[in-house]
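Architecture and fold: a report
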Amino acid sequence: MTTVLDGNALAGDLTDVLGPDATSARLRCRGCGSMGVLGAARVHRTAMGSVARCRGCDTVLVTVVINGPHRWVGLPGVRVTSPA
C-alpha cells in the first residue's frame, strides 16, 4: 500500500542531510528544470521507504530507505540544491 503525502513528510528523515529545516531546501529537477522547495514535492511512502517526485514531471527527486539504525538517502533527480 502506498500513501501519498507532501514533502513535509520527509522533514525528520532528511535533517542530517539537508539541515534542520529540510523541507525548505530548494531543489532543481533534472527532468524538467523546475525549481521548488522539497516541502512541495509529492512523496510516495511504503513500508520499503519514501520517494519524493517532482510535481511538474514526476521525476524521482529524493529516495529514503530506513532500516533500523541505517538510513540511505539518494538525490537522483536533483540537479542543484540551495539552502533556504
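Now for a quick tour of the structure. None of these values were measured; they are calculated from a predicted model. (Residues numbered from 1 in each chain as written. Predicted model: local features only at pLDDT ≥ 70, side-chain atom pairs only at ≥ 80, totals over all residues. Heavy atoms only, no water.)

1. Points about the overall build of the protein chain
Tallying secondary structure elements over the protein chain gives one helix and eight strands in all. The order of helices and strands in the protein chain, counted from the N terminus, is β-α-β-β-β-β-β-β-β. Expected size for 84 residues packed as a compact globule is a radius of gyration near 12 Å; at 12 Å, the protein chain falls within 12% of this value. With the C-alpha coordinates aligned to their principal axes, the bounding extent of the protein chain is approximately 35 × 25 × 20 Å. When the 84 residues of the protein chain are sorted by exposure, 31% land in the buried category. (Helix = DSSP H or I, 4+ residues; strand = E, 2+ residues; numbered from the N terminus. Rg over C-alpha atoms; globule rule 2.2 N^0.38 Å. Buried < 20%, exposed > 50% of the residue type's maximum accessible area, 1.4 Å probe, protein only.)

2. What to know about the environment of R55
Considering the arrangement of structural elements, one finds R55 in the loop between β5 (49–53) and β6 (60–67). The exposure class of R55 is exposed, given its relative accessible area of 52%. R55 sits 14 residues away from P69 along the chain, and the two C-alpha atoms are 30 Å apart. What R55 contacts, discounting residues up to four positions off in sequence, is D6, A40, A41 and R42. Of note is the side chain of R55, whose polar atom sits 2.4 Å from the backbone oxygen of A40. (Contact = heavy atoms within 4.5 Å. Polar contact = N/O pair within 3.5 Å; in protein donor to acceptor, adjacent residues only side chain to side chain.)

3. Some thoughts on unusual backbone geometry
Unlike most non-glycine residues, D58 shows phi in positive territory, near 75°. Structurally, D58 can be placed in the loop between β5 and β6.

4. Thoughts on the nonpolar core
Formed by 14 residues in total, the largest nonpolar core has its most connected members in L10, L14, L38, A52, L61 and V62. Where this core is concerned, the elements lending two or more residues are β2 (26–29) and β6. Excluding its chain neighbours within four sequence positions, the residues that come into contact with A52 are L10, L38, A41, R42, V43, T59, V60, L61 and V62. (Core = buried A, V, L, I, M, F, W, Y, C linked by side-chain atoms within 4.5 Å.)

5. Some details on the sheet that holds strand β7 (residues 70–74)
Taken in spatial order, the five strands make up an open sheet running β1-β4-β5-β6-β7, and their pairing is antiparallel. One side of each edge strand has no neighbouring strand; the edge strands of this open sheet are β1 (3–6) and β7. This sheet shows a mean twist of 20° between the axes of neighbouring strands, independent of strand direction. (Pairing = 2+ DSSP bridges. Axes fitted to C-alpha atoms, helices over the stretch in contact; angles between N-to-C directions.)

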